[in-house]
Amino acid sequence: MPTTVTITGTGCPIPSAHRSGPGVLVQTNDVALQFDAGRGTTQRLASCELWPTDLDAFFATHHHSDHLVGFADLLLTRWVMDRTDSISDLPVIVPEGPAEKFVNHVLDAWLDDIAVRKSHSKRSTEPGTEIFPFAATNNLEEVWSRGDTKVSACRVRHEPVFPAVGYRIESSDGVVAITGDTLVCDEVITLATGADVLVYEAMRFEEIQTLPEKRQFILDYHADTRLIGTQVQEIGIKTLILTHLIPEPCSQEDEQAFIDDIREGGFTGELIVANDLDSVTLENNLT
Ligand SMILES: [Zn+2]
Ligand SMILES: [Zn+2]
């Protein structure tokens, strides 16, 4: 299949009837890769007719709960749904530090459940991860590859959460970049310059600045829509997908406000204010 980017969740920590927690699925000819697993990720993958057993690798951007709260579900379901009793550990690519620690312990609370399922169904396997931690730096560094598909990571700016990374996926069809959670910063330029598709977290600062002061701390570490529009025009992105939408757009007018901010910032390319399961396909953009 041509390289396809599907947003498995466009939400954030605030529960939504219509938006799962953050996550992006990238599928190429060779592989299916999941980036983050917020609330509801496993169900959204089912909507794509993909079982967790079909995933080739999982990538974490940072250790905030909204990005990882669905990870145990993904791992456990992957094992439960494996009818061959031959499942291997899921490769997990994660920045060294708290996210790595989380992945190491994610199944601890489920050990009794795993034990009773294993003995009852007389299985020899257990759910597991093969963890590939990497040191996050301000430079793009390759963290995974298979066939024509290569994934690199670069630090982004989400302090006080440290480290937080974005990912760049290169295939024969083109380049996809995923910011994870970040301020608009120079590191995104490193990550995404020349990308065909950029999945960018987005927050309307103008709205958040009207909230009570106690709730304005989130301005410290998210990406302002107007600044996104300016930056993305400068670095030459073909298609911009906004996700992790704050505040949640609940009407066409709300969506239009995101669009207006981005256009005011200066971006003239294709723009998608994503809903869950929106997807775009790259077809030989590099040729
Ligand atoms: Zn988040
Ligand atoms: Zn975060």
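For the structure, check the block above.
Notes on the structure follow.

Quick notes on the rules
Residues numbered from 1 in each chain as written. Chains lettered and ligands numbered in written order. Predicted model: local features only at pLDDT ≥ 70, side-chain atom pairs only at ≥ 80, totals over all residues. Heavy atoms only, no water. Donors = N, O, S within 2.8 Å, 3.2 Å for Na, K, Ca; no water. Tetrahedral: all angles 85-135°; square planar, octahedral: opposite > 155°, others 65-115°. Helix = DSSP H or I, 4+ residues; strand = E, 2+ residues; numbered from the N terminus. Buried < 20%, exposed > 50% of the residue type's maximum accessible area, 1.4 Å probe, protein only. Phe/Tyr/Trp six-rings, centres within 6.5 Å; stacked < 30°, edge-to-face > 60°. Axes fitted to C-alpha atoms, helices over the stretch in contact; angles between N-to-C directions. Parallel < 35°, antiparallel > 145°, perpendicular 65-115°, else oblique. Left-handed = near helix turned anticlockwise from the far one by under 90°. Contact = heavy atoms within 4.5 Å. Nonpolar A, V, L, I, M, F, W, Y, C, P; charged D, E, K, R; others polar. Core = buried A, V, L, I, M, F, W, Y, C linked by side-chain atoms within 4.5 Å. 1 Å grid on protein atoms, 1.4 Å probe; cavity = no way out; pocket = protein on both sides within 12 Å on 5 of 7 lines; lining within 4 Å. Points joined across faces, edges and corners; volume = space filled by probe spheres on them.

## Focus on the coordination of the zinc ion (ligand 1)
Here is step 1: Around the zinc ion (ligand 1), the donor atoms from the protein are Asp66 (OD), His67 (NE2), Asp181 (OD) and His244 (NE2), and they sit 2.1 to 2.2 Å away.
Here is step 2: Considering all 4 donor atoms around the zinc ion (ligand 1), the spread of angles at the metal, 84 to 167°, places the coordination shape in the irregular class.
Here is step 3: Positions of the donor residues of the zinc ion (ligand 1) along the chain correspond to the pattern D-H-x113-D-x62-H.
Here is step 4: Separation of the zinc ion (ligand 1) from the zinc ion (ligand 2) amounts to 3.4 Å, with Asp181 serving as a shared donor to the pair. Highlighted residues: His67 in helix 2 (residues 65–68) and His244 in strand 12 (residues 239–246), separated in sequence by 177 residues. Here the two residues His67 and His244 agree in accessibility, since each one is buried.

## Here we look at the packing of aromatic side chains
Here is step 1: Enumeration over the complete set of coordinates arrives at 6 aromatic pairs.
Here is step 2: Residues Phe35 and Tyr167 carry aromatic rings whose centres are separated by 5.5 Å and whose planes lie at 55° to one another, so their mutual orientation is tilted. One end of the pair, Phe35, is in strand 3 (residues 32–35); the other, Tyr167, is in strand 9 (residues 165–171), with 132 residues separating them in the sequence.
Here is step 3: Exposure remark for Tyr167: the relative accessible area of 0% places this residue in the buried category.
Here is step 4: In textbook terms, an aromatic cluster arises when at least three aromatic residues are bridged by ring pairs, as seen for Phe35, Phe59, Phe134, Trp144 and Tyr167.

## A closer look at the packing of helix 8 (residues 225–235) against helix 9 (residues 252–265)
Here is step 1: Two elements in contact, helix 8 and helix 9, have axes separated by 6 Å at closest approach and are oriented at 45°. Taken as axis vectors, helix 8 and helix 9 run oblique relative to one another. The handedness of the crossing between helix 8 and helix 9 comes out as right-handed. In this structure, helix 8 uses Thr225, Arg226, Ile228, Gly229 and Thr230 to contact helix 9, whose residues at the interface are Phe258, Asp261, Ile262, Glu264 and Gly265.
Here is step 2: The class makeup of the residues in the contact of helix 8 with helix 9 is 3 nonpolar, 4 polar and 3 charged.

## Topic: the coordination of the zinc ion (ligand 2)
Here is step 1: In this structure, His62 (NE2), His64 (ND1), His158 (NE2) and Asp181 (OD) serve as the protein donors to the zinc ion (ligand 2), at separations of 2.1 to 2.3 Å.
Here is step 2: Each of the 4 donor atoms bound to the zinc ion (ligand 2) contributes to angles spanning 95 to 152°, and the resulting shape is irregular.
Here is step 3: Donor residues binding the zinc ion (ligand 2) come from one chain and are separated in sequence as H-x1-H-x93-H-x22-D.
Here is step 4: The exposure class assigned to His64 is partly exposed, which follows from its relative accessible area of 22%.
Here is step 5: Relative accessible area serves as the criterion here: at 0%, His158 is assigned to the buried category.

## Considerations on the nonpolar core
Here is step 1: Core analysis: the biggest nonpolar cluster contains 27 residues, and Val5, Phe35, Phe59, Val143, Trp144, Val151 and Tyr167 have the highest contact counts within it.
Here is step 2: The dominant element in this core, judged by the number of residues it contributes, is strand 9, at 3 residues.
Here is step 3: With sequence-adjacent residues up to four places away left out, Val151 is seen in contact with Leu33, Phe35, Phe59, Glu141, Glu142, Val143, Trp144, Tyr167, Arg168 and Ile169.
Here is step 4: With 26 residues, the next largest nonpolar core counts Ala202, Ala223, Ile262 and Val273 among its residues.

## Things to note about the layout of surface pockets
Here is step 1: Taken as a whole, the largest pocket encloses approximately 420 Å³ of empty space.
Here is step 2: Lining the largest pocket are 26 residues, with Cys12, Pro13, Ile14, Ile218 and Ile246 sitting closest to its centre.
Here is step 3: Of all the secondary-structure elements, those providing two or more residues to the lining of the largest pocket are helix 2, helix 7 (205–208) and strand 12.
Here is step 4: A breakdown of the residues in the lining of the largest pocket according to their chemical character gives 12 nonpolar, 8 polar and 6 charged.

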